[in-house]
Amino acid sequence: MPESNEFRLFIYGEIVSAKHFEYDHLFVRWLMEPPLDWDILSNYDMLYGTTPTCASTVDDREDVTYFAHPFEISLVHKRPFGVHMDSDDTLKWPQILFQIMSHDRLDCVRNEGYGFASVPVTPGCHTLQVNCWRPAGDSIVDQMRRFFIGGARELDNLDYVSVPMGHQSRVLSRYGFKTASSGVLTIRLNVIMQSESFRTDRIMRNKAKHSVRNRIETAASGSHEVIEAFRRTYRRMEELRGELRKRMSNF
């Protein structure tokens with residue numbers, strides 16, 4: 001069990017498939033850089049990886065590349081004692097960054113797109129569709145280079161796919177950065193959360209349920225006693241009425 005001030009997050013994920021990308025023979029690079037105040041329970045090598053290069057197949061009249069590449073990440077967030085897990089709305093939630101590449105038979109490597117996915121805030125199994133984009137060339141020369149020799153523009157830092165870790169302003173300007181939509185990446189995330197506060201909340205809810213149940217049972221028991229007393233009084237009144245009729249008939 002985690003400590004009382006810990007919130008543990010376990011992610012068992014799978015890069016399932018990709019479709020609608022321009023070129024075939026795809027592979028995916030993925031990375032998670034934990035936000036501030038998050039620590040790693042597992043090895044740092046578990047925070048990034050690369051899928052094998054896979055060829056596409058026709059599925060429901062679409063070219064789909066299946067990877068079935070698993071990964072797992074374990075993180076922990078610690079808070080000062082006495083601070084509830086739900087009391088801070090500024091907690092940054094982990095995100096997973098993706099880069100999709102293609103590698104053809106002529107050994108040309110092309111950048112097919114970037115995307116990111118935020119880890120769901122609820123436990124359970126989640127299937128996510130990640131819409132991807134890639135930097136677009138400024139001239140016909142960039143397009144010809146991409147087609148013939150595979151040269152393509154890439155980001156120097158994958159953090160630019162989402163909001164960079166060190167960015168503090170409320171506005172992130174990307175004016176002038178030309179992009180083009182590429183394809184869709186499908187991932188599956190199984191999310192497990194552990195926190196002592198969850199156990200405490202459950203105990204309090206159970207106590208509240210038992211308290212309400214006890215009050216209902218007590219009220220029901222009191223109502224039953226009142227009804228029985230009313231029935232005894234009614235029977236006694238009937239007996240007295242019968243005796244009164246007998247006496248009236250003797251006169």
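First, a word on scope: everything that follows refers to the structure included in this document. Quantities reported herein were computed from a predicted structural model and do not represent experimental measurements.

**Observations concerning the packing of aromatic side chains**
Inspection of every chain in the model, using the stated rule, returns 5 aromatic pairs. Judged by centre distance (5.7 Å) and plane angle (85 degrees), the rings of W38 and W93 are edge-to-face. Taken together, the residues W38 in strand β3 (residues 38–40) and W93 in the loop between β6 (62–78) and β7 (95–103) connect sequence positions 55 residues apart. Ring plane angle 45 degrees and centroid distance 5.5 Å describe the contact between Y114 and W133, whose orientation is recorded as tilted.

**Focus on a nonpolar patch on the surface**
A grouping of I140, V141, M144, F147, F148 and I149 is seen on the molecular surface, where their side chains present a nonpolar patch of about 640 Å² in accessible area. The residue F147 is located in helix α1 (residues 140–148) in this model.

**Some thoughts on the nonpolar core**
Membership of the largest hydrophobic core comes to 30 residues, with the highest contact counts inside it found for I15, F98 and L185. What L185 contacts, discounting residues up to four positions off in sequence, is I15, S17, A18, V28, F67, F98, I100, L128, Q129, V130 and C132. L97, Y114, W133 and L155 belong to the second largest nonpolar core, which has 6 residues in total.

**Notes on unusual backbone geometry**
A positive phi angle, close to 70 degrees, is found at H20, a residue other than glycine. Checked against the element boundaries, H20 lands in the loop between β1 (6–19) and β2 (26–31). With phi around 50 degrees, A68 is a residue other than glycine that occupies positive phi space. Here A68 is to be found in strand β6.

Quick notes on the rules
Residues numbered from 1 in each chain as written. Predicted model: local features only at pLDDT ≥ 70, side-chain atom pairs only at ≥ 80, totals over all residues. Heavy atoms only, no water. Phe/Tyr/Trp six-rings, centres within 6.5 Å; stacked < 30°, edge-to-face > 60°. Helix = DSSP H or I, 4+ residues; strand = E, 2+ residues; numbered from the N terminus. Patch = residues over 30% accessible without salt bridge, like charges linked within 9 Å, V, L, I, M, F, W, Y side chains within 5 Å. Areas by Shrake-Rupley, 256 points an atom, 1.4 Å probe, with all protein chains shown as cover. Salt bridge = Lys/Arg side-chain N within 4 Å of Asp/Glu carboxyl O. Core = buried A, V, L, I, M, F, W, Y, C linked by side-chain atoms within 4.5 Å. Buried < 20%, exposed > 50% of the residue type's maximum accessible area, 1.4 Å probe, protein only. Contact = heavy atoms within 4.5 Å.

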